[in-house]
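Structural description and commentary
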Amino acid sequence: MPRVTTADELLAMYAAGERNFQESNLIGVDLVRSTLQDADLKGANLSFGKLSGVNLQGADLRGADLSSANLMGASLYGANLWEANLIGADLSFADLRETNLHGAYLWEAKLTRAQLQGSDLSGAKMGGAVLTGADLRGATLPDGTVRPWADPVVDKAE
């Protein structure tokens with residue numbers, strides 16, 4: 001399994017068909033608007049990364065460190081972020097539908113207007129997280145309850 005340390009190296013290998021980047025050290029990497037769909041980044045360190053608009057649909061980010069990363073507008077649809085470190089990450093406007101966030105560390109994370117429909121947040125640690133305008137319909141909440149799939153008009157803050 002190749003461990004990469006630069007954006008250029010990662011993107012070149014991804015373009016060549018490689019998908020396994022487990023345990024890679026990519027602190028502060030700039031991958032703005034890149035496509036890494038279905039990449040295996042288990043245990044990778046992407047802390048402080050510039051990842052706004054990145055396509056990580058279906059990616060495996062179990063146990064990855066994304067602390068203080070900018071993931072504004074990122075597509076993480078169906079990604080696996082089981083026990084990922086997202087402390088202080090900015091996930092505003094991110095697509096997190098059907099995402100596994102079980103046991104994820106989301107302290108102080110910004111999830112403003114994030115799409116979390118159908119996501120699994122069970123056991124997530126969310127102290128101080130900002131969820132203003134987030135869509136949690138059908139999501140499993142940290143306490144294990146499931147948010148109803150209410151009519152969007154009725155489900156808005158009153």
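The structure reproduced in this document is the subject of the present report. If you're wondering where the values come from, they're calculated on a predicted model, not measured in any experiment. (Residues numbered from 1 in each chain as written. Predicted model: local features only at pLDDT ≥ 70, side-chain atom pairs only at ≥ 80, totals over all residues. Heavy atoms only, no water.)

What about the pattern of salt bridges?
- Inspection of every chain in the model, using the stated rule, returns five salt bridges.
- Its salt-bridge partner being Lys42, residue Asp60 comes within 3.4 Å of it at the nearest N-O pair. Within this pair, whereas Asp60 is found in the loop between helix H1 (7-15) and helix H2 (152-155), its partner Lys42 is found in the loop between H1 and H2, the two being separated by 18 residues in sequence.
- One salt bridge connects Arg97 with Asp95, and the closest N-O pair in it is separated by 2.7 Å. (Salt bridge = Lys/Arg side-chain N within 4 Å of Asp/Glu carboxyl O. Helix = DSSP H or I, 4+ residues; strand = E, 2+ residues; numbered from the N terminus.)

Comments concerning the environment of Gly127
- Note that Gly127 resides in the loop between H1 and H2.
- The partly exposed category is assigned to Gly127, whose relative accessible area is 38%.
- It is 31 Å that separates the C-alpha atoms of Gly127 and Thr5, two residues lying 122 residues apart in sequence.
- Setting aside residues up to four positions removed in sequence, Gly127 forms contacts with Leu106, Trp107 and Glu108. (Buried < 20%, exposed > 50% of the residue type's maximum accessible area, 1.4 Å probe, protein only. Contact = heavy atoms within 4.5 Å.)

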